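Residue-level structural notes
In case you want the letters, here they are:
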Amino acid sequence: MNYSNIPSAQTVILHCKSKGIKNIVISPGSRNAPLTIGFSEDPYFTCFSIVDERCAGFFALGIAQQQREAVALLCTSGSALLNYYPAVAEAFYSDIPLVVISADRPGYKIDIGDGQTIRQDHVFARHIGYSANLKQDVVHATDTIRYLANDLIDNTVSLETDQSRIQAYNHAELHRAIYTALDKMTPVHINVPLEEPLYERSKKLLITSFTAPKDTEKEQGQIDFQPYADIWNTAKKKMVLVGVNQPDTIEQKFLDKLMEDDSVIVFTETTSNIHHTNFFPSIDSIIAPIEKSKNKERLFQELQPDILLTFGGLIVSKKIKAFLRSYQPVHHWHIDVKNAYDTFFCLSHHFEISINTFFKGFLDRIQTNNHDYYERWCVVRERYKRKRMEYVKTIPFSDMWVFHTLSKRIPNGYQLHLANSSTVRYTQLFDFNASIRVFCNRGTSGIDGSTSTALGASYYGKVPTLFVTGDLSFFYDSNGLWNPYIRADFRMILINNQGGGIFRILPGDSNGQNFETFFETTHAFNASDLCGMYAIDYTLVDDKQGLEDALSTFFTESDGPKLLEIKTPRLLNDKILLSYFDFIS
């Protein structure tokens, strides 16, 4: 097996291997050649080649999201690194361990007018768990270093002694960076300065072992749940609100126990991935009618909880955020081993433990309460469900009708990935089968990278993957299809309303000057040519019967991936959605 003959390159590979990082997503370049050689020629690693660094970042994020383990990204020097930033930010806010490894020019070539050089050290400082900036080796390209930057070499000691000092520093930095990614579930950045020659190989390892520094683990003190249970037991209205949550992480027996209490209501979202017949899965269908009611103040006070218990990631519903900020609970408790965002500006306690640990210690101490909090809002829930069914039977072909149809037609057991903006918001209005595992990049809620994330997530999937996206998100990440790792059972549904349809739903002047150009950004594109270029089976529909016919065969086995494009009426979609809330009111 061949190795790079540069010690720092070998050291990076050694640390990734020792900490079990198997998946390496590489974007082509020259400066990163020593690292590419080390990863790609070692059978321990599975290497992926993704040309576009922004797509590569999200592809790696998708793998890490599904495997629940760290994935490494590798790029060359210069602006290539900056293209990782959207994925790094998403990983930071979604607690996903990405190990970003960037090759760099030597320090003496930065800011002198040399090509492909930027200030790469600490470039992700505000959205990273740790930045490791390795020192340049002095036993590689020694003559060049002496000529260009003699100050890198300590002439008072031998070259070997000087290299030993550098090696010890690099070992410590690499250990700390990768340990942080794994322990804190966060992205980290490792910057590696490399001097030419870059492609020379060696048959022997220069670096074979290292002594890792001891890491002091934070001791978790014993939590006394009783004072909180006492507050819970005397409260008449308890609301549980669940954000983004990985499937199969919460024991169902705890959820069942929680729902034995009539003073508890549980609001979930499609991305919560928890289910119970008594949950409230369509938050906006509860809140929107109250907003339109003449008794708004009284109804919101009736809904206002004494205790708000939250767990999971970020919340999609803007309406529940607005409600809880205006009608704040007396107590807001959040459960998470790492983060406690004060989303509603009233956070009173953060339980820094896992949700299962919390429920295990807490639920045995609580008592059921016969208050009518659940009963009252259950009546409202059942009413809007009936009204919703009535409404969708009357509406024409539109975004809302499409999402209603999809909610019934996605095969059980599928992995469902959602793009942001209108896509994730429409899905909140409908019920999906409990066997469907739902994912969306809600860390930063951006439209960039949705396709690439879904593709990365599907690679190791035990079940087929469906990706549902809007047109702007799809075309924005069209380079995500420049990818040789698309599975034959990968399915894409593109809902094309010829622009940013969500801007017609959000408050604003949709008839104002330049709205279509600078907000809605209307277009006349479709995906047929892209699908032809990437050998993806393509179907276009624009009416109810066409969609029903297409869905009858869309999920059947095939020799390659499929994309179903659904063209909906741009000027009608927002009116149908907004009228829905009037109808159920």
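Structural data are supplied above this passage.
In every chain, residue numbers begin from 1 and rise along the written sequence. In keeping with the model being predicted, local features are shown solely for residues with a pLDDT of at least 70 and side-chain atom pairs are shown and tallied solely at 80 or more, while totals for entire chains, interfaces and linings include all residues. As a convention, hydrogens and water are excluded, and side-chain values are obtained from all of the structure's heavy atoms.

1. What to know about the overall build of the protein
Numbering goes from the N terminus for both helices and strands, where a helix is a DSSP run of H or I of at least four residues and a strand is a run of E of at least two. A tally of helices and strands in the protein yields 23 helices and 19 strands. Its C-alpha radius of gyration of 27 Å places the protein within 12% of the 25 Å reference for a compact globule of 585 residues. Each of the three principal axes of the protein carries a C-alpha extent, and together these read 85 × 60 × 45 Å. Looking at the protein as a whole, 55% of its 585 residues are labelled buried. Taking as baseline every contact in the protein between residues at least 6 positions apart, the subset at least 24 positions apart corresponds to 77%. Carbon and sulfur atoms make up 50% of the accessible area of the protein, which amounts to about 24,800 Å² in all. Charged residues are defined narrowly, with Lys and Arg counted positive, Asp and Glu counted negative, and His plus the chain ends left uncounted. Here the site of a charge means NZ on Lys, CZ on Arg, CG on Asp, or CD on Glu. Each charge class in the protein was averaged separately, 58 positive and 67 negative side chains, and the resulting centres sit 4 Å apart. The globule rule used here is 2.2 Å times the number of residues to the 0.38 power, and the radius of gyration it is set against is calculated over C-alpha atoms. Per-residue accessibility, obtained with a 1.4 Å probe over protein chains only, is compared with the maximum for each type, and a residue is labelled buried under 20%, exposed over 50%, and partly exposed between these values. Pairs of residues are marked as contacts when any of their non-hydrogen atoms sit within 4.5 Å. Values of accessible area rely on a 1.4 Å probe in the Shrake-Rupley scheme; residue burial ignores everything except the protein chains shown.

2. Looking at the packing of helix 3 (residues 53–67) against helix 5 (residues 85–94)
Between helix 3 and helix 5, the least distance of the axes is 7 Å, while the angle of their chain directions is 25°. As far as their axial angle goes, helix 5 and helix 3 are roughly parallel. Within the contact between the two elements, helix 3 uses Arg54, Gly57, Phe58 and Leu61 and helix 5 uses Pro86, Ala87, Glu90 and Ala91. Residue composition of the contact of helix 3 with helix 5, grouped by class: 5 nonpolar, 1 polar and 2 charged. To obtain an axis, a line is fitted to C-alpha atoms, over the contacting stretch when the element is a helix, and the angle between two such axes runs from 0 to 180 degrees between their N-to-C directions. If an angle is under 35 degrees, it is roughly parallel; if it is over 145, roughly antiparallel; if it lies from 65 to 115, roughly perpendicular; otherwise it is oblique. When residues are grouped by polarity, Ala, Val, Leu, Ile, Met, Phe, Trp, Tyr, Cys and Pro land in nonpolar, Asp, Glu, Lys and Arg in charged, and all others, Gly among them, in polar.

3. Overview of the packing of aromatic side chains
For Phe, Tyr and Trp, where Trp contributes only its six-membered ring, two rings pair if their centres lie within 6.5 Å, and the inter-plane angle classes them as stacked under 30 degrees, edge-to-face over 60, or tilted in between. Summed over the entire model, instances satisfying the criterion amount to 39 aromatic pairs. Ring centres of Phe300 and Phe323 lie 5.1 Å apart, and the angle between their planes is 25°; on these two criteria the pair is classed as stacked. A residue pair is termed long-range when its members are at least 10 positions apart, and Phe300 in helix 11 (residues 296–303) and Phe323 in helix 12 (residues 318–326) qualify at 23 residues. Phe323 gets classed as buried once you look at its relative accessible area, which sits at 3%. Aromatic pair Tyr459 and Tyr485: ring centres 6.1 Å apart, planes at 85°, arrangement edge-to-face. A residue pair is termed long-range when its members are at least 10 positions apart, and Tyr459 in helix 17 (residues 450–459) and Tyr485 in the loop between helix 18 (471–476) and strand 17 (490–496) qualify at 26 residues. Judged by relative accessible area, which is 28%, Tyr459 ranks as partly exposed. Above the ring of Phe583, the side-chain terminus of Lys387 is found at 4.4 Å from the ring centroid. Charge over a ring is defined by NZ of Lys or CZ of Arg lying within 6 Å of the ring centre and within 35 degrees of the ring normal.

4. A look at the pattern of salt bridges
Take a side-chain nitrogen of Lys or Arg and a carboxyl oxygen of Asp or Glu: if they are within 4 Å of each other, that pair is a salt bridge. By the definition in use, this model includes 22 salt bridges. Here Asp183 makes a salt bridge to Lys184, at a shortest N to O gap of 3.5 Å. Of the residues examined, Asp183 reaches a relative accessible area of 41% and is grouped as partly exposed. A salt bridge links Arg437 to Asp248; the nearest nitrogen and oxygen atoms lie 2.5 Å apart. Of this pair, Arg437 sits in strand 15 (residues 437–440) while Asp248 sits in the loop between strand 9 (238–242) and helix 9 (252–258), and the two are 189 residues apart along the sequence. Residue class for Arg437 comes out partly exposed when judged on its relative accessible area of 24%. Residues participating in the shared-partner salt-bridge network are Arg298, Glu302, Asp372 and Arg376.

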